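Residue-level listing of the chains:
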Amino acid sequence: MDRSQDVSLEEVFWRSPAHVQMMGGYLHSNNILFYFAESPFFDPTSNNASLAIQASYNDAFRHFVETREAFEGRLKTMQGLEFMVAYDPLQAAAQSETAFAHEPGNIWVIRKQMRQKRPGMEDDVVVLATYYVVGDCIYMAPSIASVVGNRLLSAVTSLTKLLNAASPLPIFTPSYGHTYMPPGPKLLDTAQPTAQPQPSKEGTPAPDGPAPTKAPLAGANVSSTTFQDTRSLMEAFNLLSRYGDEFMDENPLVGEPGSFILSK
């Protein structure tokens, strides 16, 4: 993989069986950092790279690369960018005696961190990134900002889909406002008394009776049975939600309390 490519390292998966074979066929404590140095996650300007180059040209530094304890011990005396093993599964297995030294399911944790020296005090170490080595595969742990950003993006995308699906549902009319069901036609009020004819003026003969009303248009009485049933069902649910815990007698009592006088 070309390290110059502009690719988010959180999306990179890297493994190299050839390097594992060159290092003895399996990863262990003394070669895990050198295997990690071949991946695109490694920074060639780190103290790890500087110390490895010094050991290859100076025999006085060669013993620092023989074991991981000596290598990391030397890194702790330096200042700057470094890669350290934060979790060694082989050491944990040696303490619990439950795993073999070359078990393929071992998970290593390596941290990229910046070390600053403070005279008379402990070093100031800031963790910049965390990596996992599962078998011979290396992954980068996502940052908290990436996880939260992805969750927010997923929530916003779901809300956008919901609004797009709900936007055509409400219907607006000047008389009913915003509704989710189309308003039905208004029924004629037959209980209204008919208007009486005015008396005749100056001997003008009055009509014998009320003028015959025109038959209502067929479209005025068109009401879908399904719509009326749905409206009745909605009104029933509304009454249930408002008066579900109450009841009313057919013949309510009237009068003062204690006098059982029925209204009918």
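Residues numbered from 1 in each chain as written. Predicted model: local features only at pLDDT ≥ 70, side-chain atom pairs only at ≥ 80, totals over all residues. Heavy atoms only, no water.

(A) Region of interest: the packing of aromatic side chains. Going through the model one piece at a time under the given rule, you end up with ten aromatic pairs. Pairwise contacts between aromatic rings join Phe36, Phe41, Phe42, Phe83 and Tyr131 into one cluster. (Phe/Tyr/Trp six-rings, centres within 6.5 Å; stacked < 30°, edge-to-face > 60°.)

(B) How the structure looks around the pattern of salt bridges. One pass over the full model with this rule turns up seven salt bridges. The partner of arginine 115 in a salt bridge is glutamate 82, and the shortest N-O contact between them spans 2.8 Å. Highlighted residues: arginine 115 in strand β3 (residues 107–116) and glutamate 82 in strand β2 (residues 80–87), separated in sequence by 33 residues. The same class applies to arginine 115 as to glutamate 82, namely buried. By sharing partners, the salt bridges in this structure join Glu82, Arg115, Lys117 and Asp123 into a single network. (Salt bridge = Lys/Arg side-chain N within 4 Å of Asp/Glu carboxyl O. Helix = DSSP H or I, 4+ residues; strand = E, 2+ residues; numbered from the N terminus. Buried < 20%, exposed > 50% of the residue type's maximum accessible area, 1.4 Å probe, protein only.)

(C) Here's a closer look at the sheet that holds strand β1 (residues 14–15). Read from one edge to the other, the open sheet built from five strands follows the order β1-β5-β4-β3-β2, with strand pairing classed as antiparallel. Edge positions in the open sheet fall to β1 and β2, since each of these has one partner strand only. When β1 meets strand β5 (residues 137–140), the two strands line up antiparallel, connected through two bridges. Within β5, the position partnered with arginine 15 by the bridge is cysteine 137. The sheet contacts of helix α4 (residues 68–75) involve β2 and β3, and relative to β2 the element is tilted by about 140 degrees. (Pairing = 2+ DSSP bridges. Contact = heavy atoms within 4.5 Å. Axes fitted to C-alpha atoms, helices over the stretch in contact; angles between N-to-C directions.)

(D) Region of the structure containing helix α3 (residues 47–57). For α3, every residue scored as buried is listed here: Asn47, Asn48, Ala49, Leu51 and Ala55. Where the residues of α3 are buried, they touch α2 (32–36), α4 and β2.

(E) Quick look at the confidence of the model for the chain. Averaged over every residue, the pLDDT of the chain is 78; residues scoring 70 or more account for 74%. The low-confidence segment residues 1–5 (pLDDT under 50) makes seven contacts with residues lying over four places distant or belonging to another chain. Low confidence marks residues 215–222, where pLDDT is under 50. Its contacts with residues over four positions away, or in another chain, come to four contacts. (pLDDT = per-residue confidence, 0-100.)

(F) Highlighting the nonpolar core. Counting 29 residues, the largest nonpolar core has Ile32, Phe36, Phe41, Ile110, Tyr131, Val133 and Ile138 as its most contacted members. Counting residues per element, the ones that place at least two in this core are α2, α3, α4, β2, β3, β4 (124–134) and β5. Here the element with the most residues in this core is α2; it accounts for four residues. The contacts of tyrosine 131, once residues within four sequence positions are left out, are Phe36, Phe41, Phe83, Trp108, Val109, Ile110, Lys112, Tyr139 and Met140. (Core = buried A, V, L, I, M, F, W, Y, C linked by side-chain atoms within 4.5 Å.)

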